[in-house]
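Single-letter residue listing:
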Amino acid sequence: MKWVVKLIKIKNFKTYGIDSFIGPIANFNGVYGKNGSGKTNIIDAVNFFLGGNLADINCNSIHDIFPKYYTNITECEIKVGMLLINNENKKPLIRIIDKNNISEFFLDGLKISFNQFFKFLKNIGLENFKDFIIIKNPNTNKIFTDPLYLSSIIDKISDSNKFSLAHLKAVILKKKLQENCTFYYSKLKIIISEKKNLICSKKKLSDLKKKNKFK
């Protein structure tokens, strides 16, 4: 079984001050809420965690990442983490960044290097934030510049390819049945018509015999 994300933890990231937990996470999740409630900031936090740059997380500078109420960001550090599970195994993965844009990375409680952090993400299939299947606005998000990409992602998550194949088989079967029905219906109409003609012919023959008998 592959590693999957079960829980996301955000601290001091944009509008999220105290420890905030998102989860438990299933295969497909939706986040909804009022405008300004922090939906986009969850997405940006995940993008940041998975290596997104400032443009990816809708920021012009490092200061934009920190909560607005911190007048002195020297006292603040940003922390975004994920809890990964694989059967009974669990691994917490954390990225911390300070005001100087210096990041620290932790895997299972141990500090690791930048390369080790992203190598682990790559090994479990989270090489970049696109792989996390985050959809903000499919029409404008640069992740989905190819309109077929979003469709392929949804198919992959939902296993709809299997259903598409089953649907295709059902359509083909339905078409064959319709063709068979049309064929047998036409054949039945011919048989009924021939039967009527035969009955008429027998009746005419019977009437003719009766006439000849009386002569």
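Below or above, wherever it landed, is the structure these notes cover.

Cut-offs applied
- Residues numbered from 1 in each chain as written.
- Predicted model: local features only at pLDDT ≥ 70, side-chain atom pairs only at ≥ 80, totals over all residues.
- Heavy atoms only, no water.
- Helix = DSSP H or I, 4+ residues; strand = E, 2+ residues; numbered from the N terminus.
- Buried < 20%, exposed > 50% of the residue type's maximum accessible area, 1.4 Å probe, protein only.
- Contact = heavy atoms within 4.5 Å.
- Areas by Shrake-Rupley, 256 points an atom, 1.4 Å probe, with all protein chains shown as cover.
- Pairing = 2+ DSSP bridges.
- Axes fitted to C-alpha atoms, helices over the stretch in contact; angles between N-to-C directions.
- Salt bridge = Lys/Arg side-chain N within 4 Å of Asp/Glu carboxyl O.
- Phe/Tyr/Trp six-rings, centres within 6.5 Å; stacked < 30°, edge-to-face > 60°.

1. Re the overall build of the protein
Tallying secondary structure elements over the protein gives 4 helices and 6 strands in all. Each helix and strand of the protein, placed in order from N terminus to C terminus, yields the pattern β-β-α-β-β-β-β-α-α-α. Expressed as a percentage of its 215 residues, the buried residues of the protein come to 28%. Intrachain contacts of the protein at a sequence separation of at least 6 include 51% that bridge at least 24 residues. Surface exposure of the protein reaches about 15,400 Å², of which carbon and sulfur atoms provide 57%.

2. Side note on the sheet that holds strand β5 (residues 103-107)
The antiparallel open sheet is built from 6 strands, whose spatial order is β2-β1-β3-β4-β5-β6. Single-partner strands in this sheet number two, and they are β2 (20-22) and β6 (110-112). Taken pair by pair, the neighbouring strands of this sheet meet at an average axis angle of 20°, ignoring direction. With 7 bridges connecting them, strand β1 (residues 4-11) and strand β3 (residues 78-86) associate as antiparallel partners. By the bridge assignment for β3, Leu7 is matched with Leu83. Of the strands in this sheet, β1, β2, β3 and β4 (89-97) are in contact with helix α1 (residues 39-49), which crosses β3 at around 80°. Together, β3, β4, β5 and β6 form the strand contacts of helix α2 (residues 114-123), whose direction differs from that of β4 by roughly 135°.

3. A few points about the environment of Glu77
When you line up the elements, Glu77 lands in the loop between α1 and β3. Placed 66 residues apart in sequence, Glu77 and Lys11 show a C-alpha to C-alpha distance of 8.3 Å. Residues in contact with Glu77, not counting those within four places in the same chain, are Lys11, Asn12, Phe66, Ile96 and Ile97.

4. A closer look at the pattern of salt bridges
For the structure on display, the rule yields 4 salt bridges. Of the charged contacts, one joins Lys14 and Asp44 as a salt bridge, the two residues approaching to 2.8 Å between their closest N and O atoms. A residue pair is termed long-range when its members are at least 10 positions apart, and Lys14 in the loop between β1 and β2 and Asp44 in helix α1 qualify at 30 residues. Judged by relative accessible area, Asp44 falls into the buried class, the value being 0%. Across the salt bridge formed by Lys91 and Asp108, the nearest N and O atoms sit 3.6 Å from each other. Within this pair, whereas Lys91 is found in strand β4, its partner Asp108 is found in the loop between β5 and β6, the two being separated by 17 residues in sequence.

5. Some points on α1
Within α1, 9 of the 11 residues are buried, which leaves the element mostly enclosed by the surrounding structure. Taken together, the buried positions of α1 are Asn41, Ile42, Ile43, Asp44, Ala45, Val46, Asn47, Phe48 and Phe49. The secondary structure elements touched by the buried residues of α1 are β1, β2, β3, β4 and α2. Count one or two residues on from α1 and you reach Gly51, which has phi positive near 100°.

6. Some words on the packing of aromatic side chains
The full count for this structure, using the stated rule, is 7 aromatic pairs. With centroids separated by 4.6 Å and ring planes inclined at 40°, the aromatic side chains of Phe105 and Phe117 adopt a geometry described as tilted. Of this pair, Phe105 sits in strand β5 while Phe117 sits in helix α2, placing them 12 residues apart in sequence. With centroids separated by 4.6 Å and ring planes inclined at 55°, the aromatic side chains of Phe114 and Phe118 adopt a geometry described as tilted. Taken as a pair, Phe114 and Phe118 lie in helix α2 at a separation of 4 residues, close to a single helical turn. Judged by its relative accessible area of 15%, Phe118 falls in the buried class. Chaining the aromatic ring pairs together yields one cluster made of Phe49, Phe105, Phe114, Phe117 and Phe118.

7. A word on the pairing of β3
Extensive coverage of β3 is indicated by the burial of 7 of its 9 residues. Of the pairings in the sheet, the one linking β3 to β4 comprises 9 bridges and is antiparallel in character. When the sheet's bridge partners are listed, Asn86 is paired in β4 with Asn89.

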